[in-house]
Amino acid sequence: EYSSDATDLLCIGSPIEGDCIIVSDKTALPLRCIKTNQALSEAEYGTHTLGWISPMINVLIFASLFLWFICYHVFRKECRLKFGMSASIRARYRWRKIIRWLGFVLGCYLVSVLSFTAEKFEIVFFGGFVLIVRSIAFLIMGTSPLKIIKHNDDLFWMRGSGPEYLAGLESQFYETQLSET
């Protein structure tokens with residue numbers, strides 16, 4: 001079950017540290033847009049699973065892509081989080097994903113078709129290859145507005161929410177603290 005109590009966001013102090021929200025697994029953030037702090041309906045609120053791995057594991061990608069892939073799935077920590085985005089913010093992220101997929105398709109087209117018919121084979125092939133790798137990397141890393149930047153014990157530090165949302169979350173936390181005392 002997801003916890004939506006503001007005091008459950010963090011047992012030791014404020015749920016905000018700089019521009020990060022500190023949460024545990026299965027936390028439900030308030031029913032507000034994480035970018036603009038606008039009130040949302042239940043339809044705009046959803047469950048998201050975010051992954052985190054130690055930056056040291058990312059060094060393995062230079063040694064072996066296969067070894068990195070195995071370590072990524074073995075050592076990845078997951079944070080299931082409920083949060084919402086307004087329709088305009090969701091549309092912006094949807095368009096970014098569509099553009100990344102189009103970049104991937106265009107890169108495949110450049111590598112498979114145009115590179116064999118072009119006079120400058122190497123340039124077209126290399127350009128298509130770079131476009132494919134870039135699109136795949138952005139599709140893997142950039143699909144969520146919130147990113148886990150740190151993990152410690154059972155807590156996750158999330159970056160990506162708007163300053164209005166952070167201010168609203170912090171004030172809600174302190175109001176809850178005052179009402180309990």
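Residues numbered from 1 in each chain as written. Predicted model: local features only at pLDDT ≥ 70, side-chain atom pairs only at ≥ 80, totals over all residues. Heavy atoms only, no water.

## Notes on the pairing of strand β7 (residues 155–159)
Step number 1: Counting buried residues in β7 gives four out of five residues, a clear majority hidden from the surface.
Step number 2: Sheet topology note: the strand β2 (residues 20–24)/β7 ladder contains five bridges and is antiparallel. Counterpart to I22 in the pairing with β7 is W157.
Step number 3: Sheet topology note: the strand β6 (residues 147–152)/β7 ladder contains five bridges and is antiparallel. By the bridge assignment for β7, H151 is matched with F156.
Step number 4: Hairpin connection of β6 to β7: two residues between the antiparallel strands, including D153 at a positive phi of 55°. (Buried < 20%, exposed > 50% of the residue type's maximum accessible area, 1.4 Å probe, protein only. Helix = DSSP H or I, 4+ residues; strand = E, 2+ residues; numbered from the N terminus. Pairing = 2+ DSSP bridges.)

## Describing the side chain of S86
Step number 1: Relative to the helices and strands, S86 resides in the loop between β5 (77–84) and α4 (87–117).
Step number 2: For S86, the contacting residues outside a window of four places in its chain are C33, T36, Q38, L40 and E44. (Contact = heavy atoms within 4.5 Å.)

## A closer look at the nonpolar core
Step number 1: Counting residues in hydrophobic clusters, the biggest one holds 22 residues, and the most contacted among them are I21, V23, L29, L81 and M158.
Step number 2: Of all the secondary structure elements, the ones that give two or more residues to this core are β2, β3 (27–33), β4 (45–52), β5, α4, β7 and α6 (163–180).
Step number 3: Ignoring any residue separated from it by four or fewer positions in sequence, one finds I21 in contact with P15, I16, L29, F156, W157, M158, S161, Y165, L166 and L169. (Core = buried A, V, L, I, M, F, W, Y, C linked by side-chain atoms within 4.5 Å.)

## Notes on the packing of aromatic side chains
Aromatic ring pairs are described here by two measures, namely the spacing of the ring centres and the angle between the planes.
Step number 1: Counted by the stated rule, this structure contains one aromatic pair.
Step number 2: A centroid spacing of 5.9 Å and a plane angle of 90° characterise the contact between W101 and F104, whose relative ring orientation is edge-to-face. Residue W101 and its partner F104 are both found in helix α4; the two are separated by three residues, about one turn of the helix.
Step number 3: For F104, a relative accessible area of 22% translates into the label partly exposed.
Step number 4: Over the aromatic face of Y93 sits the side chain of R96, whose NZ or CZ is 4.9 Å from the ring centroid.
Step number 5: One cation-aromatic arrangement involves K150 over W157; the distance from NZ or CZ to the ring centre is 4.5 Å. (Phe/Tyr/Trp six-rings, centres within 6.5 Å; stacked < 30°, edge-to-face > 60°. Lys NZ or Arg CZ within 6 Å of the ring centre and 35° of its normal.)

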